[in-house]
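Spelled out from the first residue to the last, the chains are:
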Amino acid sequence: MSTVGIKYLFHNHRIEKPRFRLKSVAKNPSSLNYSLKPLRSGGSFCNFKSPLGVRPLRAASSNTELLETKDVFFKETFILKRTEAVEGKISIRLDSGKNGENWQLTVGCNIPGSWVLHWGVSYIGDVGSEWDQPPLEMRPPGSIPIKDYAIETPLKKLSSSAPEKDTLYEVTIDFSPNCKIAAIRFVLKDEENGAWHQHRGRDFEVPLMDYLCKDDNTVEAKKGFGTWPGTLGKLSNMLLKAEDPKGQDSSSVSGDLNQQIRCISGFYEEHSIVKQVSVENSVNVSVKKCPETARNLLYLETDLIGDVVVHWGVCRDDNKTWEIPASPHPPETKQFKNKALQTLLQETEEISESKEDGHGSWGSFTLDEEVEGFLFVLKLNENTWFRCMGNDFYIPLSDSGNLPAQSRQGQSEGWGKSERVASVPIQMSGEAAGAYVVSHTAYTDGIINEIRNLVSDISSEKRQKTKTKEAQESILQEIEKLAAEAYSIFRSSAPTFSEDAILEAEALLPPEKLCPGTGSGFEILCQGFNWESNKSGRWYMELNEKVAELSSLGFTVVWLPPPTESVSPEGYMPRDLYNLNSRYGSSDELRVLVKSFHKVGMKVLGDVVLNHRCAHYQNQNGIWNIFGGRLNWDDRAIVADDPHFQGRGNKSNGDNFHAAPNIDHSQDFVRKDIKEWLCWLRKEIGYDGWRLDFVRGFWGGYVKDYLDATEPYFAVGEYWDSLSYTYGEMDHNQDAHRQRIIDWINATNGKAGAFDVTTKGILHSALERCEYWRLSDEKRKPPGVVGWWASRAVTFIENHDTGSTQGHWRFPGGKEMQGYAYILTHPGTPAVFYDHIFSHYRSEIASLISLRSRNKIHCRSVIKITKAERDVYAAIIDEKVAMKIGPGYYEPSNGPQKWKLSLEGKDYKIWETS
């Protein structure tokens, strides 16, 4: 069944939440689902109201005394959080202005939020899809320039939006028909969650010139444009199409381009958009002792709307074993499988401010004195259940000397903790499942038909022999993109691999066996530099003096900085790949350093930047896209959709790095040259493997090609993107984030590992907010990549980007050793940052490395999480090592194994079997 997490509060207080109704969209069976009241007939698409404070829950009149009596010894409010998908529209309108002289482009969105239009323009004569900033007179009030290529303009809420109108937020851009602008390009940004909304994965493009090359991201007046099921929506037929100038030879167009080529047509177009909106409710629980009967009276009230059922029971000891209590039971109670009771809560006798808002509900329960606890879960409908931390709500019924509830926090598992619990697959009703199938079938059928049409285009044009090679390649790229979109639908409903199958296969592999690209499994990685290491100009020689010390600490692999000549001193803007005289030292000094590490038995990783490369020369347009040196590529080596460097290659298959030309790895000559260069580095310098920079920028299949050619001992990619947040708070479920990293590893055929960014992010929240329950997923496994594919996870807490003098994402201060206690005792391959090695943490890190080595903990070690609560996390690894982090209490239980405390520091302890 589906579960929804709750957030625990120590005090009752007013709860602020948005009060609006949502229009549900068809969902995957594993998604959350709950009943919503239908919109009134004739209402708008989304009938939102201004956020209002939710009234404190109040009891029905007959139970008011329970909340007010001084005999209440337990009283808490729990927040019930869930995320709902809201469907809306992005509207695009191009029409003439009020005065008939200027034209206006209006972009709107009918979902409330903080929306920003990220936009730019292309001028007449521009090549490719490069953005430029518009002229000042074209920028609406409130616009902010972004670097030198874009503008961000906030959408404003319409001051008088009638109920029948859908659009709530919009922005209007005025421009003259005589301007030199060929097109306006934009994406819509949601400031609340950082999401970018594009047109089928690319920027929206509104052409203002008829000669402009049209693309699938073009939005304009179209003739005979059909409906795209579930994606593009309906296109308005009220279009004004200007006639082309007659008798003009297109090849002879010159002079006043605005008069001879400009062909502006008004249009209106809508595109579907889906936003995740956080919805909050709450439940109050109060317990008092009845002096007349010596029984406990428990009162429960919630503002959930609908028929809310409490699935409940009691327990008589700390094992929390469910029992059915003795009568009397509340009204509307029935027994469930001889294990529990189900009670339909009664509607609260209170008139709402709006009848459409509905009422809350409540129930009271009389419980015997000898009962230790009250266990329950809330059921909103067949598909939505609310639980606490993935466990049942537990309310202690002992007054503990009438201590306030918050002073007893942590006494029992599942109580006094905060967590958003991930949903698990649920069985949908036949009707709901049918609706889901129909929705996706219509969408995928549309994609399949579009692919067939494109194939037909190629076939027919081949027969006519009029289609150019470039046009055919363009159609093939469209087919590839549509196939990728269809595959993404499949991926959303079916995992790319079986987690259990991988874990089972991992367990069967002997860790001592060498795996190409992933080492032996016992590696401990040292990052051998920081962001400032280039400053001295002799870093290779300085590090050479520390080789013996690093080896004695127990490190087996060292990661060195980028070796090539670079525009930036740190090495991450490479230019001449075969020139190894960098700010870190000369190529000869690098060879000496690598040999020194090899002498002490350590492997060496080279930091290679394959995604982008800085050019040596400018083209005729003044664009830096001509390369020099041994690899003297031209602009064919640059992806076509890099907005700044006018590449003539194919479109990118990853994210663009905007500071330098993005290399097109689909070109045969590029891959050939890169493979030769990597093999040359292996031979000339002696590198044993690679750290791959910014692998989000190009397909992992190309990485597989490079690893097959170079056969590294170990390789790890940097796939770093944002984790999932809702209204600024990190989501508990980060499966989507770690899945993206897993997908990249899969694309390399598992021949490279990846830095476990997911685990780092979760450690941040767990330690900063004292929410150690985050370190366990719903299956009681580590919540990062290490929980799904441990042998390919390189765990870390800091590096040259996140820490050092950059500090882009610095680990919580003073808690670094808790982080190292976690990654150095857990499976995966741990990486330790240079700055931490040579700091006051040195001896503690050395002790942890020594403990890992003598207990033979490896990348596939078996972990059992024994505790994941608000203030403590504990686990046992390979039945040989027990650990805990956090200020809370934990001691491993002695049974067949006798545990001995080996290491202890601030908020962490490590035990070994004696």
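Residues numbered from 1 in each chain as written. Predicted model: local features only at pLDDT ≥ 70, side-chain atom pairs only at ≥ 80, totals over all residues. Heavy atoms only, no water.

Chemist: What should I look at first to understand the overall build of the protein in this one?
Modeler: Along the protein, the regular secondary structure elements total 15 helices and 41 strands. Counting over 914 residues, the protein shows a buried share of 54%. Counting only carbon and sulfur atoms, one obtains 50% of the accessible surface of the protein, whose full area is about 40000 Å². (Helix = DSSP H or I, 4+ residues; strand = E, 2+ residues; numbered from the N terminus. Buried < 20%, exposed > 50% of the residue type's maximum accessible area, 1.4 Å probe, protein only. Areas by Shrake-Rupley, 256 points an atom, 1.4 Å probe, with all protein chains shown as cover.)

Chemist: I would appreciate a short explanation of unusual backbone geometry in the present structure.
Modeler: Negative phi is the rule for most residues except glycine; trans is the rule for most peptide bonds. The amide bond that connects Ser-327 to the next residue, Pro-328, takes the cis arrangement and shows omega of 10°. Following the sequence through the fold, Pro-328 ends up in the loop between strand 17 (309-315) and strand 18 (333-336). One non-glycine residue, Phe-694, lies in positive phi territory at about 45°. Inspection of the secondary structure assignment puts Phe-694 in the loop between strand 30 (689-692) and helix 10 (700-710). Relative accessible area serves as the criterion here: at 16%, Phe-694 is assigned to the buried category.

Chemist: Please clarify how the pairing of strand 5 (residues 72-96) should be interpreted in this entry.
Modeler: Note on strand geometry: in a regular strand, side chains alternate between the two faces of the sheet. Within strand 5, 18 of the 25 residues are buried, which leaves the element mostly enclosed by the surrounding structure. When strand 5 meets strand 15 (residues 267-289), the two strands line up antiparallel, connected through 22 bridges. Note on strand 15: the bridge partner recorded for Val-72 is Lys-288. Here seven bridges tie strand 5 to strand 6 (residues 103-109), and the two strands are oriented antiparallel to one another. From the neighbouring strand, Arg-93 faces strand 6, where its bridge partner is Thr-106. (Pairing = 2+ DSSP bridges.)

Chemist: Is there a simple way to explain the packing of helix 13 (residues 816-823) against helix 15 (residues 842-854) in this structure?
Modeler: In contact at an axis separation of 10 Å, helix 13 and helix 15 are set at 10° when each is read in the N-to-C sense. By the angle between their directions, the pair helix 13 and helix 15 is classed as roughly parallel. Here Met-817, Tyr-820, Ala-821 and Ile-823 of helix 13 lie close against helix 15, whose contacting residues are Glu-844, Ile-845, Leu-848 and Arg-852. Grouping the amino acids of the contact of helix 13 with helix 15 by side-chain chemistry returns six nonpolar, no polar and two charged. (Axes fitted to C-alpha atoms, helices over the stretch in contact; angles between N-to-C directions. Parallel < 35°, antiparallel > 145°, perpendicular 65-115°, else oblique. Contact = heavy atoms within 4.5 Å. Nonpolar A, V, L, I, M, F, W, Y, C, P; charged D, E, K, R; others polar.)

Chemist: In this structure, what is going on with the sheet that holds strand 36 (residues 829-832)? I would like to understand it.
Modeler: Backbone hydrogen bonds are what pair the strands of a sheet, in a parallel or an antiparallel way. Read around the closed barrel, the eight strands follow the order 25-26-27-30-31-34-35-36; overall the barrel is parallel. Here the strands of the sheet are splayed against their neighbours by 30° on average, with no regard to which way each runs. Sheet topology places strand 27 (residues 603-608) next to strand 30; four bridges connect them, and they run parallel. Bridge pairing in strand 30 links Val-608 to Leu-692.

Chemist: What should I look at first to understand the pattern of salt bridges in this one?
Modeler: Between side chains of opposite charge, a pair can form as their charged atoms come close. By the definition in use, this model includes 39 salt bridges. The salt bridge involving Glu-729 is made with Arg-774; its shortest N-O contact spans 3.8 Å. In this pair, Glu-729 sits in strand 33 (residues 729-730) while Arg-774 sits in the loop between helix 12 (757-768) and strand 35 (793-795), placing the two residues 45 residues apart along the sequence. Arg-774 shares its class with Glu-729; the two are buried. With a closest N to O distance of 2.8 Å, Glu-912 and Arg-854 form a salt bridge. Pair noted here: Glu-912 is in strand 41 (residues 908-913) and Arg-854 is in helix 15, with a separation of 58 residues, a long-range link. Looking at Glu-912, the relative accessible area reads 12%, which means it is buried. Among the residues examined, Arg-854 registers a relative accessible area of 47% and is labelled partly exposed. Through salt bridges with shared partners, one network takes in Lys-81, Glu-280, Glu-729, Arg-769, Glu-771 and Arg-774. (Salt bridge = Lys/Arg side-chain N within 4 Å of Asp/Glu carboxyl O.)

Chemist: What am I meant to see in the nonpolar core here?
Modeler: It is characteristic of soluble globular proteins that their nonpolar side chains tend to be buried jointly. With 117 residues, the main nonpolar core has Phe-555, Leu-560, Phe-597, Tyr-820, Tyr-873 and Ile-885 as its most contacted residues. Setting aside residues up to four positions removed in sequence, Phe-597 forms contacts with Leu-543, Val-547, Leu-550, Val-558, Leu-560, Met-602 and Val-604. (Core = buried A, V, L, I, M, F, W, Y, C linked by side-chain atoms within 4.5 Å.)

Chemist: Help me understand helix 12, please; the structure alone is not making it clear to me.
Modeler: Because the α-helix completes a turn every 3.6 residues, residues three or four places apart line up on one side. Over its 12 residues, helix 12 runs 17 Å from end to end, which matches the ideal 16 Å to within 8%, given 1.5 Å per residue. Where burial is concerned, most of helix 12 is hidden: 11 out of the 12 residues are buried. Buried within helix 12 we find Val-757, Thr-758, Thr-759, Lys-760, Gly-761, Ile-762, Leu-763, His-764, Ser-765, Ala-766 and Leu-767. Following helix 12 by one or two positions, Cys-770 has its phi on the positive side, about 55°. (Expected span 1.5 Å × (residues − 1).)

Chemist: Explain the sheet that holds strand 39 (residues 881-885) here, please?
Modeler: An order of 37-38-39-41-40 is seen for the five strands of this open sheet, with the pairing classed as antiparallel. Two strands lie at the open edges of the sheet, namely strand 37 (863-868) and strand 40 (899-905), each paired on one side alone. Going across the sheet, the axis of each strand differs from the next one's by a mean of 20°, ignoring polarity. Bridge count for strand 40 against strand 41 is six bridges, and the pairing is antiparallel. Across the sheet, Gly-905 pairs through a bridge with Tyr-908, a residue of strand 41.

Chemist: Would you take a moment to explain the packing of aromatic side chains for this structure?
Modeler: To describe a pair of aromatic rings, you give the distance between the ring centres and the angle between the ring planes. For the coordinates displayed, the defined rule picks out 24 aromatic pairs. Here the aromatic residues Phe-78, Trp-312, Phe-365, Phe-374, Phe-376 and Phe-393 are joined through ring pairs into a cluster of three or more. Positioned above the aromatic ring of Phe-838, the side-chain terminus of Lys-546 is 5.5 Å from the ring centre. We note Arg-630 situated over the ring of Tyr-578; from NZ or CZ to the ring centre the distance is 4.0 Å. (Phe/Tyr/Trp six-rings, centres within 6.5 Å; stacked < 30°, edge-to-face > 60°. Lys NZ or Arg CZ within 6 Å of the ring centre and 35° of its normal.)

Chemist: Is there a simple way to explain the environment of Asp-190 in this structure?
Modeler: Note that Asp-190 resides in strand 12 (residues 181-190). On the basis of relative accessibility, which here comes to 0%, the residue Asp-190 falls in the buried class. Spatially, the C-alpha atoms of Asp-190 and Leu-117 are 9.0 Å apart, while their sequence positions differ by 73 residues. Residues within four places of Asp-190 in sequence aside, it is in contact with Ser-114, Trp-115, Ala-195, His-197 and Lys-275. In this structure the side chain of Asp-190 is engaged in a polar contact, spanning 3.5 Å, whose partner is the side chain of Lys-275. (Polar contact = N/O pair within 3.5 Å; in protein donor to acceptor, adjacent residues only side chain to side chain.)

Chemist: Looking at this structure, I do not really get the confidence of the model for the protein. What am I missing?
Modeler: Note that predicted coordinates carrying low pLDDT should not be read in detail. Averaged over every residue, the pLDDT of the protein is 77; residues scoring 70 or more account for 70%. Residue range residues 351-357 is modelled with pLDDT below 50. Its contacts to residues more than four positions away, or to other chains, number 16 contacts. (pLDDT = per-residue confidence, 0-100.)

Chemist: How should I be thinking about the side chain of Asp-801 in this particular structure?
Modeler: Examined against the element boundaries, Asp-801 turns out to sit in the loop between strand 35 and helix 13. The buried charged residue Asp-801 lacks any salt bridge partner; its closest oppositely charged side chain belongs to Arg-691, at an N-O distance of 4.6 Å. Of note is the side chain of Asp-801, whose polar atom sits 2.9 Å from the side chain of Gln-806. Once you skip the residues sitting within four places of it in the chain, Asp-801 turns out to touch Trp-531, Glu-718, Trp-720, Gln-806, Gly-807 and His-808. (Lys, Arg positive; Asp, Glu negative; His and termini not counted.)

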